[in-house]
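Results of the structural survey
Below, each chain spelled out in residue letters.
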Amino acid sequence: MRLPFGGPKRGEKTGRPRSLNEPPLVRGLLTAAALIFILLFLLLPLGIVFTKAFGEGWSMYSRSVFEPYALRAIRLTALTTLIVVPLNLLFGIAAAWAISKFDFRGKNLLVTAIDLPFSISPVISGMLFILLFGAQGFFGPWLLERGIKIVFALPSIVLATLFVTSPLVARELIPLMRSQGSEEEEMAVTLGASGLQTFLKVSIPKMKWGLFYGVILCSARSVGEFGAVSVVSGHIRGLTTTVPLHVEMLYNEYQFTAAFAVASLLTMLALVTLVLKGLVEWRASLRDEGR
Amino acid sequence: MSGRRGVLPGFGLAMGFTLWYLGLLLLIPLGALVLKAATVDPEKFAATITSGRTLAAFRLSFGAALVAACINGVFGLLLAWVLERYDFPFKRLVDGLVDLPFALPTAVAGIALTTLYAGNGWVGRHLAVLGVQVAYTPLGVVAALTFVGLPFVVRTVQPVLRDLPAAIEEASASLGAGRLQTFFRLIFPELLPAAATGFTLAFARGLGEYGSVIFISGNMPMKTEITPLLIMIKLEEYDYAGATAIALVFLAISFAILLAINALSLRSAHPVRRG
């Protein structure tokens, strides 16, 4: 059984016969090496964020976090995430429905296309929208004439974030829906339920944990996206700076405490994401056991 | 293809929306990149790609991503092994923490690693005594990419290791093989395809990474400037043609390498020895 944060229950695996286990010294050395790696690359970075954030006391921390530019950055990031996540959720459900419930030519190509943004550098992803909508871009002059601002404004921040996070929900749902099969849905339709009823009453409850997890991943990535947004935002303080960009600007201005204070908000959000992920995996393991 | 649509409705709607979305969000922007590249003067294209600065950026990006993926290959296997096979305090917490690089915004990782590995940082201070400088050197790029790619190998190898039947190890032991022999002759080949997948994912992630690298690398042209940063600089100088040329070639090389690794690991996934 898998518990939150995985791993077998204590003592479960140590019951292995001696011939199938390593000598205690080897076990100790391997564990120590693994833990030193975790310490250097995961624990110390986490530790330094909070140490530096609170390094000049609580009042400095709260001033950095509640300062108007920080609040505007938070508002922009929240707005972007609220637009991006529902759209990618719809896309993920549609793509997973088409791919897992039906047979058609070119399915593998479609799956590859959905995954494509993962193999494209975020900077290049952002650049694509500059090429389309920037001043020298394909639609740039046309947009300029009509006074429509896309680049260095909210629309391009949303587009770049959409691009980068578009595979996340689909990727979570496709394998889940494939492994669950369609018998229940087929039964519902055969018994006279409409397509919409079947979808809402049968399919959605079946995949709710996958949906939840996909939404968590997509939100986390939207909030934290840096490279793609960095290209299209123009770094106009208070207008087009998302929270990660605000952190970057503070850091580059040597306002380290403020940078880490704002970064600590993102870090806490990341930790919450990890806890929720553990929870979803725990639920999934309970369900598997119930079968 | 059977062409069987089954009794379920919604194929047209789901497929239509999927293709429309991908078309707008992916195909048109990628088409713009290719179209833009086609309009770039070939001489300018060649000059940009073969300039010393671009070549240095390519070398650093591919080299650092490769080294980081190798480090993650070794430590990913080690972590997966230790997490699946051994017991130690706070093991579940450590297991959950492995996903941190997926969840932590890259800019936060970047400033945290820089502060940690700078000459006066918690870790950098001790490395400086040994004469090793990490921040603002290519080593810093490797450190950032190691962080970013850390979860991949662990997460691909763990399920395989968990499902490995104990019977084959028992058989090996009862036939007189030592633990080391059993590991290298029996267990390691079973883990290899999964590890290769994780390695590829980590490598791909490292190639394009930007946020965690730019703080720790110091961004010196010819020395510690990664390709995505060079593209960024070209864009900031409004040199769209140069940026397009570099981006297109970088993407083409990346895809070629990833396809090659995938082909190799597909072959190793169907080893002859099973016969």
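Just so it is clear, the model here is predicted, and its values are computed rather than measured.

Some words on the overall build of chain A
Secondary structure assignment for chain A yields 14 helices and zero strands. Each helix and strand of chain A, placed in order from N terminus to C terminus, yields the pattern α-α-α-α-α-α-α-α-α-α-α-α-α-α. Over its C-alpha atoms, taken along the principal directions, chain A stretches across nearly 65 × 60 × 30 Å. When each of the 291 residues of chain A is scored for burial, the buried share is 44%. The contacts of chain A with a sequence gap of at least 6 include a subset with a gap of at least 24, amounting to 76%.

Remarks on the overall build of chain B
If you tally the helices and strands in chain B, you get 13 helices and zero strands. Each helix (α) and strand (β) of chain B, taken in turn from the N terminus, gives the series α-α-α-α-α-α-α-α-α-α-α-α-α. Once the C-alpha set of chain B is aligned to its principal axes, its extents read approximately 70 × 70 × 35 Å. Looking at chain B as a whole, 46% of its 275 residues qualify as buried. Considering only contacts within chain B whose residues lie at least 6 apart along the sequence, 78% involve residues at least 24 apart.

Quick notes on the interface of chain B and chain A
Each partner contributes to the interface: chain B provides 83 residues, whereas chain A provides 82 residues. Residue composition of the side of chain B that touches chain A, grouped by class: 59 nonpolar, twelve polar and twelve charged.

A word on the domain arrangement of chain A
All names here are of chain A. Domain annotation of chain A identifies domain 1 (17-53) and domain 2 (58-290). The C-alpha centroid of domain 2 is placed 32 Å from the C-alpha centroid of domain 1. On the side of domain 2, eight residues touch domain 1, which itself brings five residues to the contact. When its residues are assigned to classes, the side of domain 1 that touches domain 2 shows four nonpolar, no polar and one charged.

Considerations on the environment of Ala-220 of chain A
Positionally, Ala-220 of chain A belongs in helix 11 (residues 208-224). Those residues in contact with Ala-220 of chain A, other than ones at most four positions away along the chain, are Ala-270 and Thr-273 of chain A together with Ala-103 of chain B.

Remarks on the nonpolar core
Membership of the largest hydrophobic core comes to 152 residues, with the highest contact counts inside it found for Met-127, Val-247 and Ala-263 of chain A together with Val-108 and Ile-231 of chain B. No other element matches helix 3 (residues 52-85) of chain B, which puts 14 residues into this core. Counting residues domain by domain, this core receives three or more from each of domain 1 (17-53) and domain 2 (58-290) of chain A. When sequence neighbours within four positions are dropped, the list of residues in contact with Val-108 of chain B reads Val-49, Val-247, Ala-263, Leu-266 and Thr-267 of chain A.

A word on unusual backbone geometry
All names here are of chain A. In this structure, His-235 is a non-glycine residue whose phi angle is positive, near 50°. Here His-235 shows up in the loop between helix 12 (227-233) and helix 13 (243-252). The residue Tyr-254 is not glycine, and still its phi comes out positive at about 65°. Note that Tyr-254 resides in the loop between helix 13 and helix 14 (256-290).

Parameters and conventions
Residues numbered from 1 in each chain as written. Chains lettered and ligands numbered in written order. Predicted model: local features only at pLDDT ≥ 70, side-chain atom pairs only at ≥ 80, totals over all residues. Helix = DSSP H or I, 4+ residues; strand = E, 2+ residues; numbered from the N terminus. Buried ≥ 20, exposed ≤ 12 C-beta atoms within 10 Å, placed from the backbone. Contact = placed C-beta atoms within 7 Å. Nonpolar A, V, L, I, M, F, W, Y, C, P; charged D, E, K, R; others polar. Domains from an automatic or database assignment. Core = buried A, V, L, I, M, F, W, Y, C linked by C-beta atoms within 7 Å.

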